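# Structural overview for review
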Amino acid sequence: MRELQKEIIETLKVQPTIDPKQEIRRSVDFMKNYLKKVPSLRSLVLGISGGQDSTLAGALAEIAVRELREETGIQDYRFIAVRLPYGVQADESDAMKAIEFMQADEVVRIDIKPAADAMVAALEANDLKISDFNKGNIKARERMIAQYGIAGSNAGIVIGTDHAAESVTGFYTKFGDGGADIIPLWRLDKRQGKAMLKELNAPVELYEKTPTADLEEERPALPDEVALGVTYDDIDNYLEGREISSEAADKIEGWYKRTAHKRVLPYTVFDN
Ligand SMILES: NC(=O)c1ccc[n+]([C@@H]2O[C@H](COP(=O)([O-])OP(=O)(O)OC[C@H]3O[C@@H](n4cnc5c(N)ncnc54)[C@H](O)[C@@H]3O)[C@@H](O)[C@H]2O)c1
Ligand SMILES: Nc1ncnc2c1ncn2[C@@H]1O[C@H](COP(=O)(O)O)[C@@H](O)[C@H]1O
Ligand SMILES: O=P(O)(O)OP(=O)(O)O
Ligand SMILES: [Mg+2]
(Lines give C-alpha, C1' and ligand atoms only; values in the text may rest on other atoms or scores of the structure.)
(Ligands and ions follow the chains in the order given, each with its own letter.)
Protein backbone atom coordinates (compact mmCIF):
# COMPACT_ATOMS: atom_id res chain seq x y z
CA MET A 1 0.00 0.00 0.00
CA ARG A 2 1.20 3.54 -0.69
CA GLU A 3 2.52 5.39 2.38
CA LEU A 4 0.04 8.29 2.04
CA GLN A 5 -2.82 5.85 1.38
CA LYS A 6 -2.12 4.17 4.73
CA GLU A 7 -2.00 7.54 6.48
CA ILE A 8 -5.26 8.69 4.87
CA ILE A 9 -7.08 5.47 5.80
CA GLU A 10 -5.94 5.86 9.41
CA THR A 11 -6.86 9.55 9.51
CA LEU A 12 -10.33 9.08 7.98
CA LYS A 13 -10.87 5.85 9.94
CA VAL A 14 -12.19 3.88 6.98
CA GLN A 15 -12.70 0.13 7.43
CA PRO A 16 -11.97 -2.22 4.50
CA THR A 17 -15.35 -3.92 5.00
CA ILE A 18 -18.38 -3.11 7.10
CA ASP A 19 -21.41 -4.83 8.52
CA PRO A 20 -24.12 -2.43 7.29
CA LYS A 21 -26.43 -3.25 10.23
CA GLN A 22 -23.69 -2.47 12.72
CA GLU A 23 -22.79 0.81 11.05
CA ILE A 24 -26.45 1.86 10.93
CA ARG A 25 -26.65 1.25 14.67
CA ARG A 26 -23.38 3.10 15.23
CA SER A 27 -24.55 6.26 13.42
CA VAL A 28 -28.00 6.17 15.02
CA ASP A 29 -26.54 5.72 18.52
CA PHE A 30 -24.07 8.52 17.88
CA MET A 31 -26.92 10.95 17.12
CA LYS A 32 -29.06 9.72 20.03
CA ASN A 33 -26.18 10.01 22.50
CA TYR A 34 -25.34 13.48 21.26
CA LEU A 35 -28.91 14.69 21.78
CA LYS A 36 -29.06 13.04 25.20
CA LYS A 37 -25.77 14.65 26.29
CA VAL A 38 -27.06 18.13 25.48
CA PRO A 39 -30.48 18.20 27.12
CA SER A 40 -31.48 21.54 25.58
CA LEU A 41 -31.44 20.05 22.07
CA ARG A 42 -34.66 18.83 20.50
CA SER A 43 -34.16 18.52 16.74
CA LEU A 44 -31.92 17.36 13.92
CA VAL A 45 -31.94 19.43 10.72
CA LEU A 46 -30.76 18.24 7.31
CA GLY A 47 -31.11 19.33 3.68
CA ILE A 48 -32.52 16.57 1.49
CA SER A 49 -31.33 16.84 -2.11
CA GLY A 50 -32.65 13.59 -3.57
CA GLY A 51 -29.12 12.12 -3.62
CA GLN A 52 -27.62 9.10 -1.85
CA ASP A 53 -25.91 10.77 1.10
CA SER A 54 -28.76 12.92 2.39
CA THR A 55 -31.18 10.01 1.91
CA LEU A 56 -28.97 7.91 4.18
CA ALA A 57 -28.23 10.58 6.80
CA GLY A 58 -31.92 11.60 6.89
CA ALA A 59 -33.15 8.03 7.32
CA LEU A 60 -30.68 7.49 10.18
CA ALA A 61 -31.66 10.79 11.83
CA GLU A 62 -35.34 9.85 11.71
CA ILE A 63 -34.60 6.47 13.32
CA ALA A 64 -32.59 8.27 16.03
CA VAL A 65 -35.34 10.71 17.02
CA ARG A 66 -38.06 8.04 16.81
CA GLU A 67 -36.09 5.81 19.21
CA LEU A 68 -35.39 8.79 21.49
CA ARG A 69 -39.09 9.63 21.67
CA GLU A 70 -39.89 6.05 22.62
CA GLU A 71 -37.04 5.69 25.11
CA THR A 72 -37.33 9.06 26.88
CA GLY A 73 -41.04 9.81 26.52
CA ILE A 74 -40.05 13.28 25.28
CA GLN A 75 -42.31 13.65 22.29
CA ASP A 76 -40.83 16.85 20.86
CA TYR A 77 -37.60 15.26 19.61
CA ARG A 78 -37.87 15.52 15.84
CA PHE A 79 -36.11 15.36 12.52
CA ILE A 80 -36.64 18.30 10.18
CA ALA A 81 -36.02 17.54 6.50
CA VAL A 82 -35.24 20.65 4.50
CA ARG A 83 -35.87 21.09 0.81
CA LEU A 84 -33.51 23.72 -0.56
CA PRO A 85 -34.01 24.03 -4.31
CA TYR A 86 -32.43 26.81 -6.33
CA GLY A 87 -35.65 27.76 -8.13
CA VAL A 88 -37.03 24.63 -9.77
CA GLN A 89 -34.97 21.49 -9.12
CA ALA A 90 -34.88 19.00 -12.01
CA ASP A 91 -34.86 15.94 -9.72
CA GLU A 92 -37.42 17.29 -7.24
CA SER A 93 -39.33 14.00 -7.41
CA ASP A 94 -36.27 12.11 -6.10
CA ALA A 95 -36.03 14.49 -3.15
CA MET A 96 -39.70 13.92 -2.32
CA LYS A 97 -39.23 10.17 -2.71
CA ALA A 98 -36.35 10.35 -0.22
CA ILE A 99 -38.44 12.32 2.28
CA GLU A 100 -41.28 9.85 1.96
CA PHE A 101 -38.88 6.93 2.45
CA MET A 102 -37.40 8.37 5.65
CA GLN A 103 -40.83 9.48 6.94
CA ALA A 104 -39.44 12.81 8.14
CA ASP A 105 -41.37 14.33 11.04
CA GLU A 106 -41.43 17.73 9.40
CA VAL A 107 -40.51 19.23 6.03
CA VAL A 108 -39.44 22.83 5.52
CA ARG A 109 -38.99 24.24 2.01
CA ILE A 110 -36.83 27.26 1.29
CA ASP A 111 -36.08 28.44 -2.25
CA ILE A 112 -32.47 29.63 -2.04
CA LYS A 113 -32.62 31.38 -5.44
CA PRO A 114 -33.65 34.88 -4.24
CA ALA A 115 -30.96 34.93 -1.53
CA ALA A 116 -28.21 33.49 -3.76
CA ASP A 117 -29.07 35.81 -6.66
CA ALA A 118 -29.19 38.82 -4.32
CA MET A 119 -25.72 37.98 -2.98
CA VAL A 120 -24.30 37.59 -6.49
CA ALA A 121 -25.88 40.91 -7.53
CA ALA A 122 -24.48 42.67 -4.45
CA LEU A 123 -21.00 41.31 -5.17
CA GLU A 124 -21.21 42.22 -8.85
CA ALA A 125 -22.27 45.76 -7.89
CA ASN A 126 -18.70 46.02 -6.55
CA ASP A 127 -17.17 45.24 -9.93
CA LEU A 128 -16.50 41.64 -9.01
CA LYS A 129 -16.95 38.95 -11.63
CA ILE A 130 -18.72 36.00 -10.04
CA SER A 131 -18.12 32.84 -12.08
CA ASP A 132 -20.74 30.12 -12.40
CA PHE A 133 -18.50 27.92 -10.23
CA ASN A 134 -18.16 30.59 -7.53
CA LYS A 135 -21.94 31.10 -7.63
CA GLY A 136 -22.30 27.35 -7.09
CA ASN A 137 -20.42 27.67 -3.81
CA ILE A 138 -22.58 30.67 -2.85
CA LYS A 139 -25.66 28.44 -3.36
CA ALA A 140 -24.17 25.78 -1.09
CA ARG A 141 -23.52 28.45 1.57
CA GLU A 142 -27.08 29.79 1.28
CA ARG A 143 -28.24 26.24 2.04
CA MET A 144 -26.05 26.26 5.14
CA ILE A 145 -27.55 29.62 6.25
CA ALA A 146 -31.10 28.29 5.81
CA GLN A 147 -30.39 25.14 7.81
CA TYR A 148 -28.82 27.11 10.68
CA GLY A 149 -31.81 29.46 10.64
CA ILE A 150 -34.13 26.47 11.06
CA ALA A 151 -31.92 24.90 13.74
CA GLY A 152 -31.83 28.21 15.62
CA SER A 153 -35.63 28.30 15.85
CA ASN A 154 -36.04 24.64 16.79
CA ALA A 155 -33.39 23.92 19.44
CA GLY A 156 -31.70 22.02 16.66
CA ILE A 157 -28.34 21.05 15.27
CA VAL A 158 -27.37 20.73 11.62
CA ILE A 159 -26.38 17.36 10.23
CA GLY A 160 -23.72 17.22 7.54
CA THR A 161 -23.39 14.42 4.98
CA ASP A 162 -19.61 14.47 4.64
CA HIS A 163 -18.17 10.96 4.38
CA ALA A 164 -14.74 9.52 3.68
CA ALA A 165 -15.07 9.52 -0.12
CA GLU A 166 -15.90 13.25 -0.10
CA SER A 167 -13.55 14.12 2.74
CA VAL A 168 -10.49 12.61 1.02
CA THR A 169 -11.03 14.79 -2.06
CA GLY A 170 -12.39 17.83 -0.17
CA PHE A 171 -15.35 17.64 -2.52
CA TYR A 172 -17.67 20.00 -0.70
CA THR A 173 -18.02 23.72 -0.26
CA LYS A 174 -16.09 25.02 2.72
CA PHE A 175 -18.63 26.38 5.23
CA GLY A 176 -21.37 25.42 2.75
CA ASP A 177 -22.38 21.77 2.81
CA GLY A 178 -19.11 21.36 4.76
CA GLY A 179 -20.61 23.52 7.56
CA ALA A 180 -22.43 21.29 10.05
CA ASP A 181 -22.54 20.31 13.70
CA ILE A 182 -22.43 16.54 13.47
CA ILE A 183 -21.42 14.29 10.57
CA PRO A 184 -22.80 10.80 11.20
CA LEU A 185 -21.51 9.31 7.91
CA TRP A 186 -17.90 10.28 8.49
CA ARG A 187 -15.70 7.11 8.28
CA LEU A 188 -17.81 5.53 5.46
CA ASP A 189 -17.03 5.43 1.78
CA LYS A 190 -19.60 5.70 -1.02
CA ARG A 191 -20.28 1.98 -1.50
CA GLN A 192 -20.55 1.43 2.24
CA GLY A 193 -23.25 4.12 2.33
CA LYS A 194 -25.03 2.33 -0.53
CA ALA A 195 -24.91 -0.96 1.40
CA MET A 196 -26.49 0.75 4.41
CA LEU A 197 -29.31 2.18 2.27
CA LYS A 198 -29.89 -1.27 0.81
CA GLU A 199 -30.10 -2.69 4.34
CA LEU A 200 -32.66 0.02 5.15
CA ASN A 201 -34.74 -0.98 2.07
CA ALA A 202 -34.39 2.44 0.48
CA PRO A 203 -35.65 2.93 -3.08
CA VAL A 204 -32.90 1.50 -5.32
CA GLU A 205 -33.00 4.46 -7.68
CA LEU A 206 -31.88 6.76 -4.84
CA TYR A 207 -28.72 4.85 -4.04
CA GLU A 208 -27.90 3.87 -7.62
CA LYS A 209 -28.22 7.49 -8.69
CA THR A 210 -25.23 9.31 -10.21
CA PRO A 211 -23.76 11.50 -7.44
CA THR A 212 -23.86 15.21 -8.24
CA ALA A 213 -23.50 18.49 -6.36
CA ASP A 214 -25.66 20.06 -9.11
CA LEU A 215 -24.39 23.54 -8.31
CA GLU A 216 -23.45 24.82 -11.71
CA GLU A 217 -25.86 26.33 -14.25
CA GLU A 218 -23.53 25.90 -17.21
CA ARG A 219 -23.07 22.18 -16.42
CA PRO A 220 -26.31 21.03 -14.72
CA ALA A 221 -26.19 17.73 -12.81
CA LEU A 222 -22.46 17.46 -13.50
CA PRO A 223 -21.46 14.05 -12.10
CA ASP A 224 -18.98 14.31 -9.20
CA GLU A 225 -16.82 11.74 -10.97
CA VAL A 226 -16.45 14.03 -14.00
CA ALA A 227 -15.64 17.05 -11.84
CA LEU A 228 -13.10 15.03 -9.85
CA GLY A 229 -11.58 13.15 -12.78
CA VAL A 230 -11.67 9.93 -10.76
CA THR A 231 -14.42 7.38 -10.09
CA TYR A 232 -16.00 6.58 -6.71
CA ASP A 233 -15.02 2.95 -7.33
CA ASP A 234 -11.38 4.04 -7.43
CA ILE A 235 -11.84 6.30 -4.39
CA ASP A 236 -13.57 3.53 -2.41
CA ASN A 237 -10.97 0.94 -3.40
CA TYR A 238 -8.21 3.34 -2.38
CA LEU A 239 -9.89 4.01 0.99
CA GLU A 240 -10.39 0.29 1.56
CA GLY A 241 -6.65 -0.23 1.14
CA ARG A 242 -6.75 -1.86 -2.29
CA GLU A 243 -4.39 -1.22 -5.14
CA ILE A 244 -5.65 1.09 -7.87
CA SER A 245 -3.90 2.56 -10.90
CA SER A 246 -1.15 4.99 -9.99
CA GLU A 247 -2.87 7.61 -12.16
CA ALA A 248 -6.06 7.40 -10.07
CA ALA A 249 -4.11 7.25 -6.78
CA ASP A 250 -2.09 10.35 -7.77
CA LYS A 251 -5.33 12.21 -8.53
CA ILE A 252 -6.89 11.30 -5.17
CA GLU A 253 -3.72 12.27 -3.31
CA GLY A 254 -3.54 15.54 -5.27
CA TRP A 255 -7.10 16.44 -4.15
CA TYR A 256 -6.24 15.38 -0.58
CA LYS A 257 -3.21 17.64 -0.37
CA ARG A 258 -4.86 20.64 -2.03
CA THR A 259 -7.90 20.50 0.26
CA ALA A 260 -6.09 19.97 3.59
CA HIS A 261 -7.33 23.40 4.75
CA LYS A 262 -10.93 22.16 4.64
CA ARG A 263 -10.39 19.32 7.10
CA VAL A 264 -9.09 21.49 9.95
CA LEU A 265 -10.24 24.44 12.02
CA PRO A 266 -9.09 27.84 10.67
CA TYR A 267 -5.35 28.24 10.96
CA THR A 268 -3.83 30.32 13.75
CA VAL A 269 -0.37 31.62 14.63
CA PHE A 270 0.20 28.27 16.36
CA ASP A 271 -0.07 26.33 13.10
CA ASN A 272 2.77 25.71 10.69
N1 LIG B 1 -19.14 25.36 -7.05
C2 LIG B 1 -19.64 24.46 -7.83
O3 LIG B 1 -20.40 24.74 -8.74
C4 LIG B 1 -19.31 23.02 -7.59
C5 LIG B 1 -19.96 22.08 -8.32
C6 LIG B 1 -19.64 20.76 -8.13
C7 LIG B 1 -18.71 20.41 -7.22
N8 LIG B 1 -18.09 21.34 -6.52
C9 LIG B 1 -17.00 20.97 -5.65
O10 LIG B 1 -17.10 21.55 -4.40
C11 LIG B 1 -15.83 21.94 -3.98
C12 LIG B 1 -15.87 23.41 -3.72
O13 LIG B 1 -15.00 24.15 -4.52
P14 LIG B 1 -13.73 24.89 -3.96
O15 LIG B 1 -12.93 23.94 -3.15
O16 LIG B 1 -13.08 25.57 -5.07
O17 LIG B 1 -14.38 26.01 -3.04
P18 LIG B 1 -14.49 26.19 -1.47
O19 LIG B 1 -15.23 27.46 -1.28
O20 LIG B 1 -14.99 24.99 -0.80
O21 LIG B 1 -12.99 26.41 -1.03
C22 LIG B 1 -12.27 27.49 -1.56
C23 LIG B 1 -12.02 28.54 -0.49
O24 LIG B 1 -11.19 27.98 0.51
C25 LIG B 1 -10.27 28.94 0.98
N26 LIG B 1 -8.92 28.40 0.71
C27 LIG B 1 -8.43 27.98 -0.50
N28 LIG B 1 -7.17 27.53 -0.35
C29 LIG B 1 -6.86 27.67 0.96
C30 LIG B 1 -5.70 27.37 1.71
N31 LIG B 1 -4.61 26.81 1.16
N32 LIG B 1 -5.71 27.62 3.04
C33 LIG B 1 -6.80 28.13 3.63
N34 LIG B 1 -7.93 28.43 2.96
C35 LIG B 1 -7.95 28.21 1.64
C36 LIG B 1 -10.54 30.23 0.24
O37 LIG B 1 -11.40 31.02 1.02
C38 LIG B 1 -11.27 29.76 -0.99
O39 LIG B 1 -12.16 30.73 -1.48
C40 LIG B 1 -14.86 21.53 -5.05
O41 LIG B 1 -14.30 20.28 -4.72
C42 LIG B 1 -15.72 21.47 -6.26
O43 LIG B 1 -15.23 20.63 -7.27
C44 LIG B 1 -18.39 22.66 -6.68
N1 LIG C 1 -31.13 20.89 -3.56
C2 LIG C 1 -30.86 20.59 -2.28
N3 LIG C 1 -31.83 20.59 -1.35
C4 LIG C 1 -31.54 20.29 -0.07
N5 LIG C 1 -30.31 19.97 0.35
C6 LIG C 1 -29.32 19.94 -0.54
C7 LIG C 1 -29.53 20.24 -1.90
N8 LIG C 1 -28.36 20.11 -2.55
C9 LIG C 1 -27.45 19.74 -1.64
N10 LIG C 1 -28.02 19.64 -0.42
C11 LIG C 1 -27.37 19.29 0.84
O12 LIG C 1 -25.95 19.38 0.67
C13 LIG C 1 -25.36 18.10 0.83
C14 LIG C 1 -24.19 17.93 -0.11
O15 LIG C 1 -24.63 17.69 -1.41
P16 LIG C 1 -23.64 17.15 -2.53
O17 LIG C 1 -24.47 16.53 -3.56
O18 LIG C 1 -22.70 16.17 -1.86
O19 LIG C 1 -22.87 18.34 -3.02
C20 LIG C 1 -26.50 17.10 0.60
O21 LIG C 1 -26.24 15.88 1.24
C22 LIG C 1 -27.67 17.84 1.23
O23 LIG C 1 -27.65 17.72 2.64
O1 LIG D 1 -25.22 14.57 -0.79
P2 LIG D 1 -26.33 14.06 -1.65
O3 LIG D 1 -27.47 13.54 -0.86
O4 LIG D 1 -26.74 15.06 -2.66
O5 LIG D 1 -25.77 12.80 -2.41
P6 LIG D 1 -24.73 12.78 -3.63
O7 LIG D 1 -23.43 13.35 -3.09
O8 LIG D 1 -24.57 11.37 -4.00
O9 LIG D 1 -25.26 13.65 -4.72
MG1 LIG E 1 -25.99 15.62 -4.43
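These numbers come from a predicted model, not from an experiment. (Residues numbered from 1 in each chain as written. Chains lettered and ligands numbered in written order. Predicted model: local features only at pLDDT ≥ 70, side-chain atom pairs only at ≥ 80, totals over all residues. Heavy atoms only, no water.)

Here we take up the nonpolar core. Counting residues in each nonpolar core, the largest one holds 35 residues, and the members touching the most others are M31, L35, L44, I48, L60, F79 and I159. It is helix α3 (residues 52–72) that contributes the most residues to this core, 8 residues altogether. (Core = buried A, V, L, I, M, F, W, Y, C linked by side-chain atoms within 4.5 Å. Buried < 20%, exposed > 50% of the residue type's maximum accessible area, 1.4 Å probe, protein only. Helix = DSSP H or I, 4+ residues; strand = E, 2+ residues; numbered from the N terminus.)

Here we take up the UniProt feature "binding site: deamido-NAD(+)" (unreviewed entry) in the protein chain. As annotated in UniProt, the feature "binding site: deamido-NAD(+)" (unreviewed entry) corresponds to R141, K174, D181, H261 and K262 in the numbering used here. When the annotated set is filtered for residues lining the second largest pocket, what remains is K174, D181, H261 and K262. By relative accessible area, which is 30% here, R141 ends up partly exposed. Look past the residues within four positions of R141 in its chain and what remains in contact with it is T173, K174, F175 and G176. Here D181 lies in the loop between α7 (164–167) and α8 (190–199). Those residues in contact with D181, other than ones at most four positions away along the chain, are Y148, I157 and V158. At a separation of 3.0 Å, a polar atom in the side chain of D181 contacts the side chain of Y148. (UniProt positions renumbered as here; feature names shortened; annotations may be inferred. 1 Å grid on protein atoms, 1.4 Å probe; cavity = no way out; pocket = protein on both sides within 12 Å on 5 of 7 lines; lining within 4 Å. Contact = heavy atoms within 4.5 Å. Polar contact = N/O pair within 3.5 Å; in protein donor to acceptor, adjacent residues only side chain to side chain.)

We now examine the pairing of strand β3 (residues 106–109). For strand β2 (residues 78–83) and β3, the ladder comprises 4 bridges, and the chain directions are parallel. Paired with A81 across the strands is V107, a residue of β3. Handedness of the crossover joining β2 and β3 through helix α4 (residues 92–102): right-handed. (Pairing = 2+ DSSP bridges. Right-handed = clockwise from strand over helix to strand, strands pointing away.)

Here we take up the side chain of T55. Residue position: T55 is located in helix α3. The buried category is assigned to T55, whose relative accessible area is 0%. Those residues in contact with T55 that sit more than four places away from it in its chain are G50, A98, F101, M102, L197 and L206.

This paragraph deals with the UniProt feature "binding site: ATP" (unreviewed entry) in the protein chain. The UniProt feature table records "binding site: ATP" (unreviewed entry) at G47, I48, S49, G50, G51, Q52, D53, S54, T161, K190 and T212. Along the chain, D53 falls in helix α3. Judged by relative accessible area, D53 falls into the buried class, the value being 11%. D53 has contacts with T161, H163, E166, L185 and K190, leaving out every residue within four places of it along the chain. As for its placement among the helices and strands, S54 is situated in helix α3. Setting aside its immediate chain neighbours within four residues, S54 contacts L46, G47, I48, S49, M102 and T161.

For the rest of this paragraph, the subject is the site of ligand 1. As a structural note, the neighbourhood of ligand 1 is formed by 14 residues, with F133, R141, K174, E216 and K262 the closest of them. Take R141: an N or O atom from its side chain is 2.7 Å from an oxygen atom of ligand 1. The fraction of the free accessible surface of ligand 1 (840 Å²) that becomes covered by protein chains is 64%. Here the residues of the shell around ligand 1 sort into 5 nonpolar, 5 polar and 4 charged. (Near = heavy atom within 4 Å. Areas by Shrake-Rupley, 256 points an atom, 1.4 Å probe, with all protein chains shown as cover. Nonpolar A, V, L, I, M, F, W, Y, C, P; charged D, E, K, R; others polar.)

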